[in-house]
Amino acid sequence: MTDAIRRPGLRAAVAVGIVLLVAAVGVVAAVGFGGAAGDATQASGPAATAPIIRQTLADAQTADGELGYGTTRTATAKLSGTITGLPATGSTVRRGKALYLVDNEKVVLLYGGLPAYRTLAPGIDGPDVTQFERNLKALGYTGFTVDDEYTADTADAVRDWQEDLGLPETGRIEQGRVVYADGEVRVESHQADVGAAAQPGQAVLTYTGTSRLVTVDLDMDDQRLAKRNAKVTVKLPDGRAVAGTISTAETVIQAGASGANGQSGEAETKIEVTVAVTDPKALAGFDQASATVTFTASERRDVLTVPVAALLALAEGGYGVEVVDGDGSRIVAVTTGLFADGRVEVSGSEIAEGMTVAMPK
């Protein structure tokens, strides 16, 4: 059998010493054994022992979350004038409808991930043209090709759209006339009053999505947990546990809390995770409330495990455990896997479920 621990000049069957050291992974390092892996020792016996068990081992973590409608976003004015209309808070605005009014003309909600950043007119091309034309087609307008070119045919369809909206029929989409969101939105709050002057960059209102979600802020060190489409478990305020899926995970910078002198504290970088529950009806009756979310970064099913503290770092590299057999014990090399909840996955030809391992003194 291959020696697990070697020390020149000493007989392989004589144990001459053990130096225990707490390693960075929380295991115990054993240096200077004269015994080989598998050899029996005549020690007086360990202070404590633990069984090798078979289980499902999961790297899981629970974090506090908030029930709501997901990330809050702000609609800012890009047109100058007077705010003459705002939708009611809590109301839903869909594609093609007015998100708010400036000088009694509609600023229209459309769907897409690319913000409106320039005026669209014949001769313009790019992905923002494609995004707009997809919306125009979805609203029922025809006579143009959905592509990345804003043509005279596109302008004709836009004039029809502008006529239906009661807007000047220019065939152009001026910057600030449309606001893009991922889908229909729920108006959360007003940031300006009807009658207030609208100026470019001024916050008009905040909005969210319309689906009930759970939002969790994770530390950057927990990035391994924030994997899109990963399965999670949500514990509701009434104690029920429901299944969920991570729908988005994005890095955000949160302003620090204000101190006694009015100065803001240091900003923090967080990972904002939104979770959609499998059964949205389970959230009925909860408005703004807290919930806890259990994330599972990785999982190993039906594996042998021992306490992390039972691991010994072998002199020639790798890890082993001290298997206790009757009045004697022997060092057995093992291969480690997942670490979680104070235990570690182990495998090897000389270990089996039900064996006993020593917990170093």
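Note: the structure precedes this text.
Residues numbered from 1 in each chain as written. Predicted model: local features only at pLDDT ≥ 70, side-chain atom pairs only at ≥ 80, totals over all residues. Heavy atoms only, no water.

Colleague: Just checking my understanding: could you explain helix α2 (residues 152-165) for this structure?
Modeller: Note on helix geometry: an α-helix contains 3.6 residues per turn, so any two residues three or four positions apart are oriented the same way. Under the 1.5 Å per step criterion, the end-to-end length of α2 is 20 Å for 14 residues, consistent within 8% with the ideal 20 Å. Where α2 is concerned, the buried positions are T154, A155, A157, V158, W161, Q162 and L165. All buried residues of α2 fall inside an arc of 160° around its axis, so they share one side. Those residues of α2 that are exposed and aimed more than 90 degrees away from the buried face are A152 and D164. (Helix = DSSP H or I, 4+ residues; strand = E, 2+ residues; numbered from the N terminus. Expected span 1.5 Å × (residues − 1). Buried < 20%, exposed > 50% of the residue type's maximum accessible area, 1.4 Å probe, protein only. Arc of directions from axis to C-beta.)

Colleague: What exactly am I supposed to notice about the side chain of T208 here?
Modeller: Positionally, T208 belongs in strand β13 (residues 203-208). Among the residues examined, T208 registers a relative accessible area of 3% and is labelled buried. Not counting chain neighbours up to four residues away, the residues in contact with T208 comprise Y69, G70, T71, T72, E184, V185, R186 and E188. (Contact = heavy atoms within 4.5 Å.)

Colleague: Explanation requested: the sheet that holds strand β12 (residues 197-198) in the structure shown.
Modeller: Two pairing modes exist for strands in a sheet, parallel and antiparallel, and in both the strands are linked by backbone hydrogen bonds. Read across the open sheet, the five strands follow the order β10-β9-β8-β6-β12; overall the sheet is mixed. Each edge of the open sheet is held by one strand with a lone partner, namely β10 (178-181) and β12. The pairing of strand β8 (residues 98-102) with strand β9 (residues 105-111) spans four bridges and is classified as antiparallel. Each residue of the ladder has a partner; that of Y100, found in β9, is V107. (Pairing = 2+ DSSP bridges.)

Colleague: Would you explain the environment of D325 in this entry?
Modeller: On the secondary structure map, D325 appears in strand β20 (residues 319-325). For the pair D325 and M355, spaced 30 residues apart in the sequence, the C-alpha separation amounts to 8.2 Å.

Colleague: How should I be thinking about the sheet that holds β13 in this particular structure?
Modeller: Taken in spatial order, the four strands of this open sheet run β5-β13-β11-β7, and their pairing is antiparallel. The outermost strands of the open sheet, each flanked by one partner alone, are β5 (73-76) and β7 (92-93). Relative to strand β11 (residues 185-190), β7 runs antiparallel, the two sharing two bridges. By the bridge assignment, V93 is partnered in β11 with V185.

Colleague: Help me understand the pairing of strand β6 (residues 81-85) in this model?
Modeller: In the case of a regular strand, side chains alternate between the two sheet surfaces. Two strands pair when backbone bridges link them, and β6 and β12 are joined in this way by two bridges, in the antiparallel orientation. Each bridged residue has a counterpart across the sheet, and for G81 the counterpart in β12 is A198.

Colleague: Is there a simple way to explain the nonpolar core in this structure?
Modeller: Within soluble globular proteins, side chains that are nonpolar tend to cluster in buried spots. Counting residues in hydrophobic clusters, the biggest one holds 24 residues, and the most contacted among them are L218, V234 and F295. Contributions of two or more residues to this core are made by β4 (53-68), β14 (213-219), β15 (231-235), β16 (241-254), β17 (268-277) and β18 (289-307). A total of five residues in this core trace back to one element, the largest contributor, which is β18. Excluding residues within four positions of it along the chain, V234 makes contact with V214, R240, A241, V242, V275, V277, A291, T292 and V293. (Core = buried A, V, L, I, M, F, W, Y, C linked by side-chain atoms within 4.5 Å.)

Colleague: When you look at the pattern of salt bridges in this model, what are you seeing that I'm missing?
Modeller: Side chains that differ in charge, positive against negative, can pair when their charged atoms come close. Applying the stated criterion across every chain, the model contains 14 salt bridges. Residue R177 is joined to E174 by a salt bridge in which the shortest nitrogen-to-oxygen separation is 3.0 Å. Salt-bridge contacts for R301 lead to E299; the nearest nitrogen and oxygen are separated by 3.1 Å. The class of R301 is exposed, set by a relative accessible area of 61%. By sharing partners, the salt bridges in this structure join R54, D302 and E353 into a single network. (Salt bridge = Lys/Arg side-chain N within 4 Å of Asp/Glu carboxyl O.)

Remember, this is a structural readout, not a statement about activity or role.
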